[in-house]
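Structural overview for review
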Amino acid sequence: MTKVETSKFGLAPSLDDFAEIAEAAVKSLAEPFQSLAAGVSVRVSDVADPETLEALFIEDPYELTGLYSGVALTLEQHSAPSTEPAIVFLYRMPILDEWAQRGDVRLDELIAHVVVHELGHHFGWSDEEMDAVLAGD
């Protein structure tokens, strides 16, 4: 029996790999969005915790690929700034699952899509504005 060449495909991307890809997506944003996004933390975990899923009324953790937690810049008040940190959560296993099911997008593109969508909540963007940023308009 011949040995199957497995190194061609490499290992599954780790949480750190996802964080690196997400950081690259943020750095690819045009100004002033890149600078404004610098204050947003990105956290990657395999799936959302049970409390988050319950709060969002989601039963299947694979239905949530990302989440923004914080106050949108459009709602921030300079006289009474929010003390809640701005965080984008990425969920590795649901993203990998979507990537495998779709088969029509590179993983880095899908991660960038989720990152931009969640940052869109931080910036107060509409869905149309998020789509324009993702399309490079």
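Look above for the structure.
Below is a short write-up of the structure. (Residues numbered from 1 in each chain as written. Predicted model: local features only at pLDDT ≥ 70, side-chain atom pairs only at ≥ 80, totals over all residues. Heavy atoms only, no water.)

1. Points about the sheet that holds strand β2 (residues 66-69)
Within the open sheet, the three strands sit side by side as β1-β3-β2. Their pairing is mixed. Edge positions in the sheet fall to β1 (41-45) and β2, since each of these pairs with one other strand and no more. Shown here is a sheet whose adjacent strand axes are inclined to one another by a mean of 20 degrees, direction ignored. The pairing of β2 with strand β3 (residues 87-91) spans four bridges and is classified as antiparallel. The residue bridging L67 from the neighbouring strand is F89, located in β3. On the sheet, helix α1 (residues 15-27) packs against β1 and β3 and is oriented at approximately 150 degrees with respect to β1. Relative to β3, helix α4 (residues 92-102) is tilted by about 55 degrees, and along the sheet it contacts β1 and β3. (Pairing = 2+ DSSP bridges. Helix = DSSP H or I, 4+ residues; strand = E, 2+ residues; numbered from the N terminus. Axes fitted to C-alpha atoms, helices over the stretch in contact; angles between N-to-C directions. Contact = heavy atoms within 4.5 Å.)

2. Looking at the nonpolar core
Residues F18, L90, I95, I111, V115 and L119 are the most contacted members of the largest nonpolar core, which totals 26 residues. Mapped onto this core, the elements with two or more residues apiece are α1, β3, α4 and α5 (107-123). Looking at which element gives the most residues to this core, the answer is α5, with nine residues. Residues contacting I111, with those up to four places away along its chain left out, are F18, I21, A22, L90 and I95. If you look at the next biggest cluster of nonpolar residues, it comprises five residues, including A48, L53, I58 and L64. (Core = buried A, V, L, I, M, F, W, Y, C linked by side-chain atoms within 4.5 Å. Buried < 20%, exposed > 50% of the residue type's maximum accessible area, 1.4 Å probe, protein only.)

3. Considerations on the packing of aromatic side chains
Aromatic rings considered in pairs are described by the distance between their centres and by the relative angle of their planes. Applying the stated criterion across every chain yields a total of four aromatic pairs. When the centroid spacing of 4.7 Å and the interplanar angle of 35 degrees are considered together, the rings of F123 and W125 count as tilted. Like W125, F123 is buried. Every member of this aromatic cluster is reached through a ring pair, and the members are F33, F123 and W125. (Phe/Tyr/Trp six-rings, centres within 6.5 Å; stacked < 30°, edge-to-face > 60°.)

4. Comments concerning the environment of E31
As for its placement among the helices and strands, E31 is situated in the loop between α1 and α2 (33-37). By relative accessible area, E31 is classed as partly exposed at 47%. For E31, the side chain forms a polar contact with the side chain of S35, separated by 2.7 Å. (Polar contact = N/O pair within 3.5 Å; in protein donor to acceptor, adjacent residues only side chain to side chain.)

5. With respect to the side chain of T52
As for its position among the elements, T52 is in helix α3 (residues 50-55). When its relative accessible area of 17% is taken as the criterion, T52 is described as buried. Contact partners of T52, with chain neighbours within four places excluded, come to L64, L67 and Y91.

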